[in-house]
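If you want the building blocks of each chain, they are given just below.
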Amino acid sequence: MKDWMERNWQFVTTGISGVLIVVGSLIGNDAGDFWTAVIFLSAFVIGGFEQAKQGIEATIKTKKLNVELLMILAATGASIIGYWFEGAILIFIFSVSGALETYTTNKSKREITKLMAFQPERAFRFLPNGDVEEVAAKDLQLDDRVLVRPGESVPIDGVIVRGSTTLNEAAINGESVPVEKTVDAEVFGGTVNVSSAITIKVTQTFDNTIFSKIIRLVETAQSEPSKTARFIERFEDAYVKAVLLFVLVMMFLPHFALGWSWNETFYRAMVLLTVASPCALVASVTPATLAAISNGARHGILFKGGVHLENLRGVKAIAFDKTGTLTNGTPELTDQIFKEHIDKQQVINVAVAMERQSLHPLAAAITKALDIEVTDKLTEIEVTDVPGWGVQTSYKGETWQVGKAGYVGAENAVKFSNGAFERLASEGKTIVYVAKEGEIVAMFALKDTCRPEAIRTIQALKAKGIKTIMVTGDNAQTGAAIQAELGMDRVVSGCLPEKKVDVLKELSVTYGSVAMVGDGINDAPALAHAAVGIAMGEGTDIAMETADVVLMKNDLEKIPYAYTLSERLHWISWQNICFAIAVILLLITANVFQVINLPFGVVGHEGSTILVILNGLRLLKSNRK
């Protein structure tokens, strides 16, 4: 009940204000002018206290006028000339719109920060003797062993060292489908253990977990408004001063120029003060922006502020890092060619035994793919590593080599491949040869495979008219092959990490506003220089810290979703702005021609404020497909 009151107390005070207005209007003259004034004045104070307090505090702090002060003056002016009911109605509806805006803001913030509720406070740590003690999650240290039972939340980031289970990672990436995890798999604090007990080793301190990163991103997002919101904030002070000056003129000019009575002149000035206030205009952008940021967070997209969400729709091209972004980042064995009449099993056994002792990613890929075909592990083999070329060993008095064509003999490699090299290379594959006594006996082709969602993402972006560019350190042939597979507009091959910023600047000259998507340390400078930097959430810390947008799951299909969200924010914000300005102009004109009264002006003006807030709330809903 207490929490509910803290979230909704403005609605409660607004409701009380409304009840008092109803009571005051029902008893009317029967209670006498004094008690009628007391009832309506109570409605004023109860309904308008919070708004008045915020307005006065903001004016003192910023030395700028605001719409809250205009509403106070309008209600006070209406009461001075005896329009207690109208003044109370003005405060009531203004209070409704204020409560609704607060609700919108709080709801948006809760949509983002509710992820933090998943962060457990307690953990079960193993002692050296095997016993388990309950400790605060923040007291866990690196390399501590922690027990996580079914139904419990993982207390901190770590890696599984015993057991396998299914984890619900919705708190991290927004995906509702649980994922299977086994030994050596990473787990994150706040995710929920669904099926079996596991033991994890702590790999991050409590302050450096993925949840801590989310908290920092949320705090930044809430404090950084969009460009449009900043413009309206600057505009508000000047506009309020202009309205007050206009009202001051209105209090005297019609009496002398048009022969209006003093009462009518003052009344029309109060109506003007009410209808000219930019309440709807001020509320047209910020609630919508927070709702959009909330929507993104719910789908695993964290924006570090409204300005980055707003900038996204202006992007004309997106540059993608290849490895780990468009591709899985780990090569896979795709083709095997063996010499005729050779002992294929022996070749596999020796090659795997050699590659198992190498740290090269290609060696790891070959070992992983062929390990199930090994019949003899040949643990006695010792290899010599030739950095940049390959590995060599002696087995049963024969010399074996695994590596590049230049290492095993380029001429022999060309002869052995018999045209296969050109075909495989044109497909973007890397070739590794196996030689025995200087004679090539096998050829393996490996490729860093494209992410399944990458093609769909590129197609979706191209449908929106956005150019897609791949930036890679691979040679032109490999780059072109992957470009063709993904259907991208352009590829920049042979790009060293330190050159990515220069490439991004060149792309900006060609296309205009260019976004960058990456996941590695070498992507951080380019992410910082891009119009919008987008980091993969499973990438490096520095990439996440530098980027403007973070995809909490390495799902490229979130990018078109984020772009559409940016477009929706733009259109809804400008719908609100145009509607608010149109209503203000209409009501001002109607007041000058004396065709509206104060109650109608109040309803028209404050009603428009409520409508723009509700329109902004539409951004809480998922994008239409």
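Below or above, wherever it landed, is the structure these notes cover. (Residues numbered from 1 in each chain as written. Predicted model: local features only at pLDDT ≥ 70, side-chain atom pairs only at ≥ 80, totals over all residues. Heavy atoms only, no water.)

1. Some thoughts on the sheet that holds strand S3 (residues 145-148)
As a reminder of what qualifies: Two strands qualify as a pair provided that DSSP identifies no fewer than 2 bridges between them. Secondary structure elements are taken from DSSP: a helix is a run of H or I of four residues or more, a strand is a run of E of two residues or more, and numbering for both begins at the N terminus.
Strand order across the open sheet formed by six strands is S2-S1-S3-S9-S4-S7, with antiparallel pairing between neighbours. Strand pairing shows two members of the sheet lacking a second neighbour, strand S2 (132-136) and strand S7 (186-187), which therefore form its edges. Strand direction decides the pairing type here: S3 and strand S9 (residues 198-202), joined by four bridges, are antiparallel. Following the sheet pairing, Leu-147 is matched in S9 by Thr-199.

2. Quick look at the packing of helix H14 (residues 344-355) against helix H15 (residues 361-370)
When two helices pack together, you describe them by how their axes are tilted relative to each other and by the distance separating the axes. For clarity, the cut-off: Geometry is summarised by axes, namely lines fitted to C-alpha atoms with helices restricted to the contacting stretch, and by angles between N-to-C directions that run from 0 to 180 degrees. Comment on the angle field: the value is read as roughly parallel under 35 degrees, roughly antiparallel over 145, roughly perpendicular from 65 to 115, and oblique elsewhere. In this scheme, a crossing is called left-handed if the near helix is turned counterclockwise away from the far one by less than a right angle; it is called right-handed if the turn is clockwise. Any two residues whose heavy atoms approach within 4.5 Å are treated as being in contact. Gly counts as polar in this scheme, as do all residues outside two lists: the nonpolar Ala, Val, Leu, Ile, Met, Phe, Trp, Tyr, Cys and Pro, and the charged Asp, Glu, Lys and Arg.
Packing of H14 against H15 leaves a shortest axis separation of 9 Å and a crossing angle of 135 degrees. Viewed along their axes, H14 and H15 adopt a mutual orientation that is oblique. Remark: the crossing between H14 and H15 carries left-handed chirality. On H15, the residues that touch Ile-348, Val-352 and Glu-355 of H14 are Ala-363, Ile-366, Thr-367 and Leu-370. For the contact of H14 with H15, the residue count by class is five nonpolar, one polar and one charged.

3. A closer look at a nonpolar patch on the surface
The line we're drawing: In this scheme, patches are assembled from residues that exceed 30% relative accessible area and form no salt bridge. Like charges are connected within 9 Å, while nonpolar side chains (Val, Leu, Ile, Met, Phe, Trp, Tyr) are connected within 5 Å. With residues, only the protein chains shown are counted as cover, and all accessible areas are computed by Shrake-Rupley using a 1.4 Å probe. One side-chain nitrogen of Lys or Arg within 4 Å of one carboxyl oxygen of Asp or Glu is enough to make a salt bridge.
Taken together, the side chains of Leu-245, Phe-246, Leu-248, Val-249, Phe-252, Leu-253, Phe-256 and Trp-262 define a hydrophobic patch exposed on the protein surface, amounting to about 840 Å² of accessible area. If you list the elements that add at least two residues to the nonpolar patch, you get helix H7 (227-250) and helix H8 (253-257). Ranked by the residues each element gives to the nonpolar patch, the list is headed by H7, at four residues. When you line up the elements, Leu-248 lands in helix H7.

4. What about the layout of surface pockets?
Keep this limit in mind: Any residue with an atom within 4 Å of a point lines the site, the site being either a cavity, points on a 1 Å grid over the protein atoms alone where a 1.4 Å probe fits but cannot get out, or a pocket, an open set with protein on both sides within 12 Å along at least 5 of 7 lines. Grid points are joined across faces, edges and corners, and a volume is the space filled by probe spheres set on the points.
Counted as a void, the second largest pocket has a volume near 1000 Å³. Considering the residues around the second largest pocket, the lining is formed by 46 residues, among which His-360, Leu-362, Lys-404, Thr-430 and Asp-474 are closest to the centre. Top element by residues in the lining of the second largest pocket is strand S16 (residues 430-436). It accounts for four residues. When its residues are assigned to classes, the lining of the second largest pocket shows 21 nonpolar, 15 polar and ten charged.

5. A look at the sheet that holds strand S22 (residues 549-551)
What the seven strands build is an open sheet, ordered S10-S22-S21-S20-S11-S18-S19; its pairing is mixed. This sheet does not close on itself; its edge strands, each paired only once, are strand S10 (301-303) and strand S19 (490-492). With direction set aside, neighbouring strand axes in the sheet form an average angle of 20 degrees. The pairing of strand S11 (residues 317-321) with strand S20 (residues 514-518) spans four bridges and is parallel. Bridge pairing in S20 links Ala-319 to Met-516. The sheet contacts of helix H24 (residues 558-592) involve S10, S11, S20, strand S21 (532-536) and S22, and relative to S10 the element is tilted by about 45 degrees.

6. A few points about unusual backbone geometry
A positive phi is found at Lys-396, a non-glycine position, where the angle reads about 55 degrees. Mapping Lys-396 onto the fold places it in the loop between strand S14 (390-395) and strand S15 (398-403).

7. Some words on the pattern of salt bridges
This is how it is decided: We call a residue buried when its accessible area falls under 20% of the maximum for its residue type, exposed when it is over 50%, and partly exposed in between, using a 1.4 Å probe and counting protein chains only.
Scanning the entire structure with this criterion turns up 19 salt bridges. For Asp-448, the salt bridge goes to Lys-322, with nearest N and O atoms at 3.7 Å. With Asp-448 in strand S17 (residues 439-450) and Lys-322 in helix H13 (residues 322-326), this residue pair connects regions lying 126 residues apart in the sequence. Grouping residues by exposure puts Asp-448 and Lys-322 together as buried. Notably, a salt bridge pairs Glu-398 with Lys-436, separated by 3.6 Å at the nearest N-O pair. Within this pair, whereas Glu-398 is found in strand S15, its partner Lys-436 is found in strand S16, the two being separated by 38 residues in sequence. Linked by salt bridges that have partners in common, Asp-335, Arg-423, Glu-427 and Lys-429 make up one network.

8. Some words on the packing of H24 against helix H25 (residues 598-617)
Relative to each other, H24 and H25 sit at 175 degrees, their axes nearing to 10 Å. For the element pair H24 / H25, the angle class is roughly antiparallel. Side by side, H24 and H25 meet where Ile-572, Gln-575, Asn-576, Phe-579, Val-583 and Leu-587 of the first sit next to Phe-600, Gly-601, Gly-604, His-605, Ser-608, Leu-611, Val-612, Asn-615 and Gly-616 of the second. When the residues that make up the contact of H24 with H25 are grouped by side-chain class, the tally is seven nonpolar, eight polar and no charged.

9. Structural notes on helix H11 (residues 286-298)
Short version of the rule: In a helix, the anticipated span is given by 1.5 Å times the number of residues less one.
Spanning 13 residues, H11 covers 18 Å between terminal C-alpha atoms, matching the ideal 18 Å at 1.5 Å per step. All of the buried residues in H11 are Pro-287, Ala-288, Thr-289, Leu-290, Ala-291, Ala-292, Ile-293, Ser-294, Asn-295, Gly-296 and Ala-297. Just downstream of H11, Gly-300 is the residue with a positive phi angle, here 80 degrees.

10. Observations regarding the environment of Gln-575
Structurally, Gln-575 can be placed in helix H24. You can call Gln-575 partly exposed: its relative accessible area is 41%. Sequence-wise, Gln-575 and Val-612 are 37 residues apart; in three dimensions their C-alpha atoms are separated by 8.4 Å. If sequence neighbours within four positions are ignored, Gln-575 has contacts with Asn-615 and Arg-618.

11. Some details on the side chain of Ser-566
What counts is decided by this rule: Under this definition, polar contacts are N or O atom pairs within 3.5 Å; protein pairs additionally need one hydrogen-donor-capable and one acceptor-capable atom, and for neighbouring residues in sequence, both atoms have to be side-chain atoms.
In this structure, Ser-566 sits in helix H24. We classify Ser-566 as buried; its relative accessible area is 1%. A polar side-chain atom of Ser-566 sits 2.5 Å from the main-chain carbonyl oxygen of Leu-309. If we ignore the near neighbours within four places in the chain, the residues touching Ser-566 are Leu-309, Glu-310, Leu-312 and Arg-313.

12. Here we look at the nonpolar core
To keep it simple, the criterion reads: To define a nonpolar core, start from buried Ala, Val, Leu, Ile, Met, Phe, Trp, Tyr and Cys residues and group those joined through side-chain atoms within 4.5 Å.
Of all hydrophobic cores here, the largest spans 41 residues; its most connected members are Val-243, Val-247 and Leu-273. Broken down by secondary-structure element, the contributors of at least two residues to this core are helix H2 (32-62), helix H3 (67-80), helix H4 (84-113), H7, helix H9 (262-275), H24 and H25. Of the residues forming this core, the biggest block, eight residues, is contributed by H9. Residues in contact with Val-243, not counting those within four places in the same chain, are Leu-70, Leu-273 and Ala-276. Residues Phe-320, Ile-482, Val-491 and Val-517 belong to the second largest nonpolar core, which totals 40 residues.

13. Examining the pairing of S3
Where strand S1 (residues 122-126) meets S3, two bridges bridge the pair, whose relative direction is antiparallel. Bridge pairing links Arg-125 to Val-146 in S3.

14. So, the packing of aromatic side chains
Worth spelling out the cut-off: The criterion for an aromatic pair is that two Phe, Tyr or Trp rings (for Trp, the six-membered ring) have centres within 6.5 Å, with stacked assigned to planes under 30 degrees apart, edge-to-face to planes over 60 apart and tilted to the rest. By the criterion adopted, a ring carries a charge over it if an Arg CZ or a Lys NZ lies within 6 Å of its centre and within 35 degrees of its normal.
Here the structure, examined in full by the defined rule, presents three aromatic pairs. Note on Phe-252 and Trp-262: the rings are 6.1 Å apart at their centroids and 80 degrees apart in plane angle, and the pair reads as edge-to-face. Residue Phe-252 is located in the loop between H7 and H8, and its partner Trp-262 is located in helix H9; the two are separated by ten residues in the primary sequence. Classification of Phe-252 as partly exposed rests on a relative accessible area of 42%. A residue is classified by how much of its surface remains accessible, and Trp-262, at 43% relative accessible area, is partly exposed. Judged by centre distance (5.6 Å) and plane angle (85 degrees), the ring pair of Phe-256 and Trp-262 falls under edge-to-face. Sitting over the ring of Phe-124, Arg-149 keeps its end group 4.2 Å from the ring centre.

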